[in-house]
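# Commentary on secondary and tertiary structure
One letter stands for each residue in the lines below.
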Amino acid sequence: MAEENTNIGSTIEDEDEASDDPNLQVQLNAFRAQWMSELKTSSGASGTTDRLLRAKGLKRTQEIAREEKATELFLRAVQEEQNGAVYEAIKFYRMAMQIVPDIEFKINYSRPPDTDRGGGNYMKDNDGDGEIEDLLAYFEQELTLESSFPKICIPELDMTQMHISALPREILMYIFRWVVSSDLDMRALEQLSLVCRGFYICARDPEIWHLACVRVWGRNCTKVVPFKSWREMFLQRPRVRFDGVYISKTSYIRQGEESLDGYYRAWHHVEYYRYLRFFPNGHVIMLTTPEDPLTVVPRLRTWNTRMDSALLGHFRLSQETDNQTKVFAVVCKKKEEKAAEFQRNRFCRRNPPPEAEHSFHVGLHLSSGGRQSFSKLVWIHHSCHITYKQTGETVVTAFELDRMYSPFLFARVKSYTAFSDQPL
């Protein structure tokens, strides 16, 4: 016991000596202060991080809840709009957009909603790429599922007058034939199909497209093969176009006569146009004139043109073995009424020249130029046939095709199909 007390006493004496050293005491206090500051900093940073994480989680949860509520209201609005309740639909649309302004772009329409949502069965399963392969069959199925007696279309607003959807389908198809008209304005039919699902179905009616193909290629057009449909045949098979005019511009420099003093010779710039206008009934108008297209094209709208220099005739399409489509046309001047009998006096010639008929035979190769289909006609033949009535003899003069025969390029004219004279 005496030894232990001696050791304890010595230790206490050492501590007292250390506490008496001022430098050591200062170092110890500095270490304690630094240690306490580090403890406070670490505890404060961890608390701030936890508070930020909790705030972000709460904010994300609130955003998800708002999007779910806005989605439910938006789908409810869509369902009301389908049922014809426009005002109710507008109310739900506003409520949804007040919660989430861009909710329309955040809804996944390719995934069916839950059964307890307000959207009902509005969204349906589609293909992976979001496209419908057979749009015609899809629209027909939609109209059949909506009601047992499907209508072509449904009025958007309440009407007191008769709506077009109340017409029988036969009458509606007759109206569509007037839209196409005898000018084969299939472009207007395609635009009409954009109105609604019912008009889309009517515009794809095979009978209309079959009649159009018969008007172009004749009554021998009875088989749709190798095409899938009559519409595909009309759009892809080479043919001349009737909703415009084919124009060929030719220009060259011609040397003039020498001046009297021999030091000057004029040069003339010659420019003229050739026009070809085809009609679905097989008629064609050919015109060569220096007049600008702005003045000539409106005068070629109908077959009964008043231009005396126009050549009238008929044309036909020919598909050769080399899979090239050619156009052959025969045109001549308009037949004029016989003039009154010549007064037989000394100033009249007693031997008039023999009567003869002039006709021009034209051969063209049909091809596509640029973005438009069947918009280019290239010369392959041009000749003049003179037939004398007295003898019946025919003299043929073939013209040499040189650079003066520039190809025809098609230009669509809206006024040619602005009015319908006859249905298809």
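What counts, and at which threshold
Residues numbered from 1 in each chain as written. Predicted model: local features only at pLDDT ≥ 70, side-chain atom pairs only at ≥ 80, totals over all residues. Heavy atoms only, no water. Helix = DSSP H or I, 4+ residues; strand = E, 2+ residues; numbered from the N terminus. Contact = heavy atoms within 4.5 Å. Areas by Shrake-Rupley, 256 points an atom, 1.4 Å probe, with all protein chains shown as cover. Buried < 20%, exposed > 50% of the residue type's maximum accessible area, 1.4 Å probe, protein only. Core = buried A, V, L, I, M, F, W, Y, C linked by side-chain atoms within 4.5 Å. Phe/Tyr/Trp six-rings, centres within 6.5 Å; stacked < 30°, edge-to-face > 60°. Lys NZ or Arg CZ within 6 Å of the ring centre and 35° of its normal. pLDDT = per-residue confidence, 0-100. Pairing = 2+ DSSP bridges. Expected span 1.5 Å × (residues − 1). Arc of directions from axis to C-beta. Lys, Arg positive; Asp, Glu negative; His and termini not counted. Salt bridge = Lys/Arg side-chain N within 4 Å of Asp/Glu carboxyl O. Polar contact = N/O pair within 3.5 Å; in protein donor to acceptor, adjacent residues only side chain to side chain.

The next thing to look at is the overall build of the chain. Each helix and strand in the chain was counted, giving ten helices and nine strands. Sequence-distant contacts, at least 24 apart, represent 52% of the contacts inside the chain between residues at least 6 apart. Total accessible area on the chain is roughly 30,100 Å²; 52% of this is exposed by carbon and sulfur atoms.

With that settled, the discussion passes to unusual backbone geometry. Val225 connects to Pro226 through a cis peptide bond whose omega is 5°. Among the secondary structure elements, Pro226 is positioned in the loop between α8 (206-217) and α9 (230-236). Of note in this structure, Ser181 is not a glycine but carries a positive phi near 65°. If you trace the backbone, Ser181 turns up in the loop between α5 (169-180) and α6 (186-192). On the accessibility criterion, Ser181 (3% relative accessible area) is buried.

Now for the nonpolar core. Judged by nonpolar contacts, the single largest core of 47 residues is most densely connected at Phe234, Tyr246, Leu276, Phe278 and Leu377. Among the elements that line this core, the one with the most residues is α8, at six residues. Core analysis: the second largest hydrophobic core is formed by 15 residues, Ile247, Val296, Met307 and Tyr416 among them.

Next up on the list: the side chain of Asp185. Along the chain, the position of Asp185 falls in the loop between α5 and α6. Residues within four places of Asp185 in sequence aside, it is in contact with Val179, Val180 and Thr417.

On to the packing of aromatic side chains. Inspection of every chain in the model, using the stated rule, returns ten aromatic pairs. Ring plane angle 75° and centroid distance 4.9 Å describe the contact between Phe278 and Phe315, whose orientation is recorded as edge-to-face. Note that Phe278 is positioned in strand β2 (residues 265-278) and Phe315 in strand β4 (residues 311-319), a separation of 37 residues in sequence. Phe315 shares its class with Phe278; the two are buried. Among the aromatic residues, those joined into a cluster by ring pairs are Tyr246, Phe278, Phe315 and Phe410. Here the basic side chain of Lys91 rests over the ring of Phe92, its NZ or CZ set 5.1 Å away from the ring centre.

The next subject is the confidence of the model for the chain. Taken as a whole, the chain shows an average pLDDT of 76; of its residues, 76% reach a score of 70 or greater. Across residues 1-13, where pLDDT falls below 50, the model places zero contacts with residues more than four positions away in sequence or in other chains. Note that pLDDT drops below 50 for residues 337-343; the model gives that stretch one contact with residues more than four away or on any other chain.

Bringing the environment of Glu67 into the picture now. Tracing the backbone through its elements, the reader meets Glu67 in helix α2 (residues 22-82). Residues Glu67 and Ile103, 36 residues apart in the sequence, show an inter-C-alpha distance of 7.2 Å. Sequence-distant contacts of Glu67, defined by excluding residues within four places in its chain, comprise Val100, Ile103 and Lys106.

The next point concerns the pairing of strand β9 (residues 408-412). Sheet topology places strand β1 (residues 244-258) next to β9; four bridges connect them, and they run antiparallel. Within the sheet, the bridge partner assigned to Val245 lies in β9 and is Ala411. Across two bridges, the pairing between strand β7 (residues 372-388) and β9 is antiparallel. Across the sheet, the residue bridging to Leu377 is Phe408, located in β9.

This paragraph deals with helix α3 (residues 86-99). In a regular helix each residue adds 1.5 Å, so 14 residues correspond to 20 Å; α3 covers 20 Å between its end C-alpha atoms and thus fits that length. Among the residues of α3, Ala89, Phe92 and Ala96 are the ones counted as buried. For α3, the angular spread of the buried residues around the axis is 70°, confining them to a single face. Opposite the packed face of α3, turned more than 90 degrees from it, sit the exposed residues Tyr87, Arg94 and Gln98.

The next point concerns the side chain of Arg277. Relative to the elements of secondary structure, Arg277 occurs in strand β2. Notably, Arg277 is buried but unbridged: the nearest opposite-charge side chain belongs to Asp183, and the N-O separation is 5.6 Å. There is a polar contact of 3.1 Å between the side chain of Arg277 and the backbone oxygen of Leu300. Non-local contacts of Arg277, meaning those with residues more than four positions away in its chain, are made with Phe242, Gly244, Val245, His283, Val284, Ile285, Leu300, Arg301 and Tyr416.

So, about the pattern of salt bridges. For the structure on display, the rule yields seven salt bridges. Close ionic contact of Glu271 with Lys249 constitutes a salt bridge, the shortest N to O distance being 3.5 Å. Placement of Glu271 in strand β2 and of Lys249 in strand β1 is noted, with a sequence separation of 22 residues between them. Judged by relative accessible area, Glu271 falls into the partly exposed class, the value being 32%. Through salt bridges with shared partners, one network takes in Glu190, Arg204 and Arg231.

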